[in-house]
Amino acid sequence: MSKLNIGIILGSTRQGRLSPQVGKWVKNIADRRGDANYEIVDIADYKLPLLGEVDATEQATAWNAKIASLDGFVFIVQEYNHSVTGSLKNALDYAREAWYDKAAGIVGYGSVGGARAAEHLRGILGELCVADVRTQASLSLFTDFENGSVLKPAEYHLANVNGMIDQVLAWSGALKTLR
Ligand SMILES: Cc1cc2nc3c(=O)[nH]c(=O)nc-3n(C[C@H](O)[C@H](O)[C@H](O)COP(=O)(O)O)c2cc1C
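Residues numbered from 1 in each chain as written. Predicted model: local features only at pLDDT ≥ 70, side-chain atom pairs only at ≥ 80, totals over all residues. Heavy atoms only, no water.

Some points on the overall build of the chain
Phase 1 of the analysis: If you tally the helices and strands in the chain, you get 5 helices and 7 strands.
Phase 2 of the analysis: Ordered by position from the N terminus, the helices and strands of the chain form the series β-α-β-α-β-α-β-α-β-β-β-α.
Phase 3 of the analysis: Principal-axis analysis of the C-alpha atoms places the extent of the chain at approximately 40 × 40 × 25 Å.
Phase 4 of the analysis: Buried residues in the chain amount to 49% of all 179 residues.
Phase 5 of the analysis: In the chain, once contacts between residues fewer than 6 apart in sequence are set aside, the share between residues at least 24 apart is 80%.
Phase 6 of the analysis: Total accessible area computed for the chain in this model is approximately 8,500 Å², and 53% of it derives from carbon and sulfur atoms.
Phase 7 of the analysis: Placing the 18 positive and 20 negative side-chain charges of the chain at their respective mean positions leaves the two points 4 Å apart. (Helix = DSSP H or I, 4+ residues; strand = E, 2+ residues; numbered from the N terminus. Buried < 20%, exposed > 50% of the residue type's maximum accessible area, 1.4 Å probe, protein only. Contact = heavy atoms within 4.5 Å. Areas by Shrake-Rupley, 256 points an atom, 1.4 Å probe, with all protein chains shown as cover. Lys, Arg positive; Asp, Glu negative; His and termini not counted. Charge placed at Lys NZ, Arg CZ, Asp CG, Glu CD.)

Given below as structure tokens:
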């Protein structure tokens, strides 16, 4: 059976964001497993305007094609005002069927591990027919980032990232049979 394609989606797009560091850390852990094809999906690359603001057929087509090419997702979720970023919500809104019947895990960060944003994301994913797995890694801005800016994750997060990926792969494989 061919390997599953898993996208590690960076949820933030602001200048100076921390999400590329977190995404790279997760991808390194994932790549060491060798059990799926893992790739970083950077929302910023797609230059999505606010949905409906201007004609964005080209950007929307490219974004939908990327999401459609993936079997499952790991969302890198940062907390903005107790929720997900506007960029992530906008990107989620830009696709519909491309998300359906796939699985997702979450790696969050924030003052309380991005927990409130992660819970909001789980609600949104339900509407998009994405099955969110239980195991989650939650990084603290205070203890897992040096000076709040350089990722130095505590050792115990490794088990959560791997446990989350185990579940994403199991569910992504099962849901592939529905599509
Ligand atoms: C607009 C805004 C709102 C924020 N609100 C929260 C918040 O409600 N809770 C929290 O824990 N952190 C909050 N933060 C801190 C972010 O979680 C932190 O800056 C994190 O690094 C953002 O991710 P990014 O660097 O990838 O953009 C906020 C940051 C911004 C820019």
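Some details on unusual backbone geometry
Phase 1 of the analysis: The phi torsion at K47 lies on the positive side, around 45°, for a residue other than glycine.
Phase 2 of the analysis: With respect to the secondary-structure elements, K47 resides in the loop between β2 (37-42) and α2 (57-68).
Phase 3 of the analysis: By relative accessible area, which is 62% here, K47 ends up exposed.
Phase 4 of the analysis: Located in the positive-phi region is D101, a residue other than glycine, with phi close to 60°.

Overview of the site of the ligand
Phase 1 of the analysis: Lining the immediate environment of the ligand, one finds 15 residues, of which S12, R14, Y80, Y109 and S111 sit closest.
Phase 2 of the analysis: L18 places a polar main-chain atom, nitrogen or oxygen, 2.8 Å from an oxygen atom of the ligand.
Phase 3 of the analysis: The contact in question runs from an oxygen atom of the ligand to an N or O atom on the backbone of E79, over 2.9 Å.
Phase 4 of the analysis: For the ligand, the protein covers 74% of the area, taking 620 Å² as the surface of the free molecule.
Phase 5 of the analysis: Split into classes, the residues belonging to the shell around the ligand amount to 4 nonpolar, 7 polar and 4 charged. (Near = heavy atom within 4 Å. Polar contact = N/O pair within 3.5 Å; in protein donor to acceptor, adjacent residues only side chain to side chain. Nonpolar A, V, L, I, M, F, W, Y, C, P; charged D, E, K, R; others polar.)

A closer look at the side chain of T85
Phase 1 of the analysis: Its location among the elements puts T85 in the loop between β3 (72-78) and α3 (86-93).
Phase 2 of the analysis: For T85, the side chain forms a polar contact with the main-chain nitrogen of L88, separated by 2.9 Å.

Quick look at the nonpolar core
Phase 1 of the analysis: Counting 30 residues, the largest nonpolar core has I9, W63, F73, F75, L92, W99 and L121 as its most contacted members.
Phase 2 of the analysis: Sorting the residues of this core by element identifies α2, β3, α3, β4 (102-110) and α4 (115-127) as the ones contributing at least two each.
Phase 3 of the analysis: Broken down by element, this core gets its largest block of residues, 5 residues, from α4.
Phase 4 of the analysis: Excluding its chain neighbours within four sequence positions, the residues that come into contact with F73 are I6, G7, I9, I67, W99, K102, A103, A104, G105 and V168. (Core = buried A, V, L, I, M, F, W, Y, C linked by side-chain atoms within 4.5 Å.)

A few points about the pattern of salt bridges
Phase 1 of the analysis: In the structure shown here, the tally under the stated rule is 12 salt bridges.
Phase 2 of the analysis: For D42, the salt bridge identified is with R17, shortest N-O distance 2.9 Å. Here the residue D42 occupies a position in strand β2, and R17 occupies one in the loop between β1 (5-10) and α1 (19-33), the gap between them amounting to 25 residues. Taken individually, D42 and R17 each receive the classification buried, so the pair is uniform in this respect.
Phase 3 of the analysis: Here R179 and D71 are joined by a salt bridge, their closest N and O atoms 2.8 Å apart. Here the residue R179 occupies a position in the segment after α5 (157-176), and D71 occupies one in the loop between α2 and β3, the gap between them amounting to 108 residues.
Phase 4 of the analysis: Residue class for D71 comes out buried when judged on its relative accessible area of 6%. (Salt bridge = Lys/Arg side-chain N within 4 Å of Asp/Glu carboxyl O.)

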